[in-house]
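Coordinate inspection notes
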Amino acid sequence: MLRLCTMDSGTPRYTLLSPVLVLIGFTSVIAQIVLMRELIVVCHGNEISLGVILASWLFWTALGSGVLGKVAARTISPRKTVAVLQLTVAVVIPLSILAVRASRVVLQTTPGEILGPGPMFLVSFVVLSAFCLTAGCLFAAGSRLHTAERGSSSTTATGSVYLLEAAGSGLGGILASLVLIRYFSAFEIGLLLSGLNIIAAATLMLDTSSRRRTVVGGLVAVLAFSLWPVAGRHLESLSLRQLWRGFTLVDVQNSPFGNLAVVATEDTRTLFQNGAVLLTIPDPAAAEEAVHYALLQHPSPKSLLLIGGGLNGSLYQALKHPSLLHVDFVELDPTILELGRRHFPDEWLPVEKDTRVKVHYVDGRFFLKRGGRVYDTIIVNLPDPQTAQLNRFYTLEFFQDVAEKLAPGGVFSFQVTGAENYISEELAQFLRCVNKTLLHVFPRVIAIPGATIHFFAGAEDETATEDANVLLELLHKRGIETSYVREYYIPFRMTPDRMDDLDINARPEASTPVNKDFAPIAYYFNTALWSTRFQAAYRHAFHWLADVAFARLIAGLAVILSLLVIFLVWRFRGVRRLRAGAGFCVASMGFTMIGLEVLLLLGFQAIYGYVYHQLAIIIAAFMGGMALGSHRSLRDFSKTPRRAAGSGEAKRLIILQILAAASPMLMLVVFLVVREIASPAGVFAMSNFLFPALALVSGVLGGYQFPIASRVYFNETRTSGGGLGTVYALDLVGACLGAAVLSAYLIPIFGFARTAVIMVVINLAPAVLVATSLPRSQRA
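To start, this report covers the structure provided alongside it. (Residues numbered from 1 in each chain as written. Predicted model: local features only at pLDDT ≥ 70, side-chain atom pairs only at ≥ 80, totals over all residues. Heavy atoms only, no water.)

1. Notes on a nonpolar patch on the surface
Where nonpolar side chains cluster on the molecular surface, the patch consists of Ile174, Leu175, Leu178, Val179 and Tyr183 and spans about 440 Å² of accessible area. Take Leu175: it is sitting in helix α6 (residues 154-183). (Patch = residues over 30% accessible without salt bridge, like charges linked within 9 Å, V, L, I, M, F, W, Y side chains within 5 Å. Areas by Shrake-Rupley, 256 points an atom, 1.4 Å probe, with all protein chains shown as cover. Salt bridge = Lys/Arg side-chain N within 4 Å of Asp/Glu carboxyl O. Helix = DSSP H or I, 4+ residues; strand = E, 2+ residues; numbered from the N terminus.)

2. As for the sheet that holds strand β8 (residues 326-330)
Here seven strands make up an open sheet; going across it, the order is β9-β8-β7-β10-β11-β13-β12 and the pairing mixed. Either end of the sheet is taken by a strand with one partner, and the two such strands are β9 (357-360) and β12 (444-448). Adjacent strand axes in the sheet meet at a mean angle of 15°, parallel and antiparallel pairs treated alike. Sheet topology places β8 next to β9; four bridges connect them, and they run parallel. Across the sheet, the residue bridging to Asp328 is Lys358, located in β9. The strands touched by helix α16 (residues 425-439) within the sheet are β11 (406-419), β12 and β13 (450-458), with β11 carrying the most contacts at an inclination of about 170°. (Pairing = 2+ DSSP bridges. Axes fitted to C-alpha atoms, helices over the stretch in contact; angles between N-to-C directions. Contact = heavy atoms within 4.5 Å.)

3. Some remarks on helix α7 (residues 186-205)
The end-to-end C-alpha separation of α7 is 29 Å, in line with the 28 Å expected for 20 residues at 1.5 Å each. Where burial is concerned, most of α7 is hidden: 17 out of the 20 residues are buried. (Expected span 1.5 Å × (residues − 1). Buried < 20%, exposed > 50% of the residue type's maximum accessible area, 1.4 Å probe, protein only.)

4. Considerations on the sheet that holds strand β4 (residues 258-265)
As summarised here, the arrangement of the four strands in space is β3-β4-β5-β6, forming an open sheet in which the pairing is antiparallel. Among the strands making up the open sheet, the edge pair consists of β3 (248-255) and β6 (276-281). When strand polarity is set aside, the average angle formed by the axes of neighbouring strands in this sheet is 20°.

5. A closer look at the packing of helix α3 (residues 78-107) against α7
At a closest axis distance of 8 Å, the pairing of α3 and α7 adopts a crossing angle of 170°. Taken together, the axes of α3 and α7 are roughly antiparallel relative to one another. Crossing handedness for the pair α3 and α7: left-handed. Looking at the contact of α3 with α7 residue by residue, the classes come out as 19 nonpolar, four polar and two charged. (Parallel < 35°, antiparallel > 145°, perpendicular 65-115°, else oblique. Left-handed = near helix turned anticlockwise from the far one by under 90°. Nonpolar A, V, L, I, M, F, W, Y, C, P; charged D, E, K, R; others polar.)

6. Considerations on the packing of aromatic side chains
Under the defined criterion, the tally for this structure stands at 26 aromatic pairs. Ring geometry for Phe139 versus Tyr728: centroids 3.9 Å apart, planes at 15°, classification stacked. Taken together, the residues Phe139 in helix α5 (residues 129-150) and Tyr728 in helix α28 (residues 726-772) connect sequence positions 589 residues apart. On the accessibility criterion, Phe139 (0% relative accessible area) is buried. Taking 5.3 Å as the distance between ring centres and 20° as the angle between the ring planes, the aromatic pair formed by Phe414 and Phe455 counts as stacked. (Phe/Tyr/Trp six-rings, centres within 6.5 Å; stacked < 30°, edge-to-face > 60°.)

7. Observations concerning α6
Spanning 30 residues, α6 covers 41 Å between terminal C-alpha atoms, matching the ideal 44 Å at 1.5 Å per step. Taking the largest bend as the criterion, α6 deviates by roughly 50°, centred on Ala176. Burial runs high along α6: 21 of the 30 residues are buried. (Bend = angle between axes of the 7 residues up to and from the residue.)

8. Observations concerning the pairing of β3
The pairing of β3 with β4 spans seven bridges and is classified as antiparallel. Residue pairing for β4: Leu249 is matched across the bridge by Val263. From the end of β3 to the start of β4, which pair antiparallel, there are two residues.

9. A look at the pattern of salt bridges
Under the defined criterion, the tally for this structure stands at 16 salt bridges. With a shortest N-O distance of 2.9 Å, Glu420 and Arg498 are connected by a salt bridge. Taken together, the residues Glu420 in the loop between β11 and α16 and Arg498 in helix α19 (residues 496-506) connect sequence positions 78 residues apart. The class of Arg498 is buried, set by a relative accessible area of 14%.

10. Details of the environment of Ala459
With respect to the helices and strands, Ala459 occurs in the loop between β13 and α17 (468-477). A sequence separation of 50 residues divides Ala459 from Gly409, and the C-alpha atoms of the two residues are 7.0 Å apart. Excluding anything up to four places from it in sequence, Ala459 contacts Phe442 and Pro443.

11. Some remarks on the pairing of β12
Burial of β12 is extensive: four of the five residues sit out of reach of the surface. Here β12 pairs with β13 via five bridges, running antiparallel. Bridging from a neighbouring strand, Val445 pairs with Ala457 of β13. Turn length for the β12-β13 hairpin, with the two strands adjacent in sequence and antiparallel, is one residue.

Printed below as a string of structure tokens:
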């Protein structure tokens, strides 16, 4: 039986306040995961699209907290306000999923068509607006409810809601990653969240007696969850037909790694991963070219490591080489091969039954680091480095790992998108970067031109050949029957003039950068190449951004921040300057928190070679750290509840900003030390606690600052005004800027170290502003 507490005024106090506030964060993070996965299918999942989606999310949430939150925080009935907002959330979540899937009808695009930055921004900006505005408003309304139900001050209310929301986000992130997206469709998850919010709204609106509230809440729960499976399946089926209109949808599966769909058109079947074409069957040209060129570069390959792409028939083609005795095939996502067994049996089942083949469901880099076998041929059959995840297979560090696992005379091969006749400057820059990175590891590198460019590298000068006759001789000697890699096509692909033209365009220049784990420039060049498919303005923008020198960027940033600090010092005095400084601190901390999260995830990928299995743990540790930091800060505040914000809090803010400035540099040092001194066994043992520990500490820093900054900003013990969501909005504004520029621009162009320097500058500026608000005697 629920117990009602009574406040001094005699009005009953709502005892389920904490669960309702936890539900805000729980709903928000799960909805974010679901809607981002849906948007990635429409927009494609490179860092540009992810940055646009996340920035749109944070922008609308900040607007909801800072603007609509002012209205919600002034309400005379906070319970009903929160209940109405939760009912709104319950309606908006399934409608948002439906809107994403219907966006292709509005844009008149077909599945697999790549959206430009403009349409991509338009879709994410419009679709996310309703839910994010409501979710942002809920923070302010929840803070107002906390002050009404608990009689708390503004600082305690915002800090407590921040703590509970972070706890709910951590719990929701774990549940979504490990359970929900594995076993439930998007609409089933969305309707589950809707049901939970309807139940919470019902308990808020019914404030007469605990028995009545329990009975009605139970009836609502039974009704919601009885309709949930049927409604979820119906809406899922209806919306998927809209998403894949014009195709026969054969199967759809969600895995922890993305959305997979098999569609049929006449005599072909195509597998889409996150909206992009992964493979089409039959496609004998792609299957043959992916493996035969590489295997023909070795006089007698006995062992093969194939990373990715085996389902399209390439692994079946590789097994035609009679000398092969052992093949390790690495595929990260088991769901892809499950779909292969059901829908591509002719290409996959014979391979799976071949005793020479061992299938490993693991990340390719992780397998390469962990395995002890050496190979005559290693083939990476993956898409271009369109994302940071894929870029890991084109870096100096990965090539070094490959070189260690090649047997004497071994050949390493991969392919990237090329051009049949004309190589543009953007493509040339990308090819130079990849070629220079290879040449830092392998003395012998050659490439075969075409719509797909094949690179071959080896540790010995005579490893690979540019002579088409040698390849044809080996092909005939092995008795391999092919349709495209044969005497009609090989000489054409390898004519001297075509080989020379590619060699000239791909020849590295002195200014060509090397692609590294901690400076992933290749995926930026590939993104710039992607931008050339759209309007010329996008291409010019990418060139302009890439040409900005780091020294000029730092100097310009320092000037802008200095002018902002000077303006705020001139404009405000005393407490008002301190409030401005607190808001500035929160915004810069929001930028830093999302920056640290991005650095953690990319650093983990770079060192350990995989991130998916640890993703939920790292994010949950980060959110848990924020909850712990906020809890500790509130405890410190509760010891002196009546003392007004003053120099003590200001000094804490300065110290926290200095720690925030130092944190990315310290994190980078940890990355470098772990990578350089730890043995492989030790590195993998540390992966279970080192990065979650770093995430926890990072989260504590942000969580501890928020209540302190709130206290400084409000500078009062009670409020019923409309500014309860302002501090939270400032935090989200900073995070929005970070999401927009960090993973899509700063890290790929300038690398981890220089990005860390930029974060240092951004964090020191608000510390200087807060320091100017202190009395002169306390500034030392």
